[in-house]
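Architecture at a glance
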Amino acid sequence: MKKKLRSGKGFSLVELLACLLILALLAVMVSSSVTAAVRVYQKSVYASESEALGSTVNTAMSDILRYAKYVGQNSRNELVFTNAAYGVNNSGHFLLDDKGYVCYVPYEGADETEQKKLINSGAYTSLYLEKLKVVFVRDAAGGDRGVFKITYTIRSHVLPDAKYEVSCSFRSLAGEF
């Protein structure tokens, strides 16, 4: 009977356990490598999408503000402006909605239904904006000419610790056409 159990065919229990241990170690190494690769990929996608979103937001805001007239500040210290080409007739201003999307309000006192998204929500993917600040530095000559300075932060729902600071400046062309 002992001869049958100890025949040379098959593996011993120790050999099987050693094999399982080696396979488990390999699985841990592969999974940690894949996790690291996914994280690097997510950071890369975040960086490129943030640059694209920043460029899009800057262009869209400059399109509205470049020919804005009657630039000033309201009681909440927000930059207000008028631009008839965009339907902004009296004290329009920019704001961030509850999802972190840039909107503009066509006039002071407009409710949420009258807010207009600056760009389509599909452009944001998994990103959102925070800390939007728009400042107008008037030229020494006065009037509606000067420089707009915009700053904001782009954040990600996927990478909560990542942030991309954006700032841009452009000259007002009001009265130059």
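Counting from 1, residues in each chain are numbered in the order their sequence is written. Residues qualify for local features only when their pLDDT is at least 70, as the model is predicted, and side-chain atom pairs are given and counted only at 80 or more; totals for whole chains, interfaces and linings, by contrast, use all residues. Heavy atoms throughout the structure, all of them, feed into the side-chain values; hydrogens and water do not.

A word on the overall build of the protein. Broken down by element type, the protein carries two helices and eight strands. Listing each helix as α and each strand as β along the protein from the N terminus yields α-α-β-β-β-β-β-β-β-β. On C-alpha atoms alone, the protein measures out to a radius of gyration of 29 Å, which is more than a quarter above the 16 Å that the 2.2 N^0.38 rule sets for 177 residues. Its C-alpha atoms give the protein principal-axis dimensions of about 105 × 35 × 25 Å. Evaluated residue by residue, the protein yields a buried proportion of 32% over its 177 residues. Contact between two residues is taken to exist if any of their heavy atoms lie within 4.5 Å; hydrogens are not considered. Taking the contacts inside the protein whose residues are at least 6 apart along the sequence as the reference set, 46% of them involve residues at least 24 apart. Each helix is a run of H or I in the DSSP string that is no shorter than four residues. Each strand is a run of E no shorter than two, and both are numbered from the N terminus. C-alpha atoms define the radius of gyration in this analysis, and the globule rule sets the expected value at 2.2 Å times the number of residues to the power 0.38. Partly exposed describes any residue whose relative accessible area lies between the buried limit of under 20% and the exposed limit of over 50%, with all areas from a 1.4 Å probe on protein chains only and scaled to the type maximum.

So, on to the nonpolar core. Each nonpolar core is a collection of buried residues, namely Ala, Val, Leu, Ile, Met, Phe, Trp, Tyr and Cys, held together in the definition by side-chain atoms within 4.5 Å. Judged by nonpolar contacts, the single largest core of 32 residues is most densely connected at L65, F81 and F94. Within the residue set of this core, elements represented by two or more residues are α2 (13–65), β2 (79–83), β3 (88–96), β4 (102–105), β6 (127–138), β7 (146–156) and β8 (163–171). Ranked by the residues each element gives to this core, the list is headed by α2, at seven residues.

In this section: the side chain of R155. If you trace the backbone, R155 turns up in strand β7. Using a relative accessible area of 15% as the deciding quantity, one classes R155 as buried. A polar contact is formed between the side chain of R155 and the backbone oxygen of P160, at a distance of 2.6 Å. When neighbours within four sequence positions are excluded, R155 is seen to be in contact with Y46, S126, L127, Y128, E130, P160, D161, A162 and K163. What qualifies as a polar contact is a pair of N or O atoms within 3.5 Å, subject to a donor-acceptor requirement within protein and to the restriction that residues adjacent in sequence count only when both atoms come from side chains.

Think of it this way: DSSP has to see at least two bridges between two strands before they count as a pair. One open sheet holds the three strands; their spatial order is β6-β7-β8, and the pairing between them is antiparallel. Looking at which strands have only one partner, the edges of the open sheet turn out to be β6 and β8. Between one strand axis and the next, the sheet turns by 15 degrees as a mean value, whatever way the strands run. As paired strands, β6 and β7 are joined by ten bridges and run antiparallel to one another. For V134, the partnering residue across the bridge sits in β7 and is I150. Helix axes use the C-alpha atoms of the stretch in contact, all axes being lines fitted to C-alpha atoms, and the angles between their N-to-C directions lie in the range 0 to 180 degrees. With respect to the sheet, α2 is in contact with β6, β7 and β8, its orientation differing from that of β7 by roughly 150 degrees.

Let us now look at unusual backbone geometry. At N77, a residue that is not glycine, the phi angle is positive and equals roughly 65 degrees. For N77, the position within the fold is in the loop between β1 (69–73) and β2. N77 gets classed as exposed once you look at its relative accessible area, which sits at 56%. A positive phi is found at K131, a non-glycine position, where the angle reads about 60 degrees. Position of K131 among the secondary structure elements: in strand β6. Judged by its relative accessible area of 57%, K131 is exposed.

Nothing here speaks to function; it is geometry throughout.
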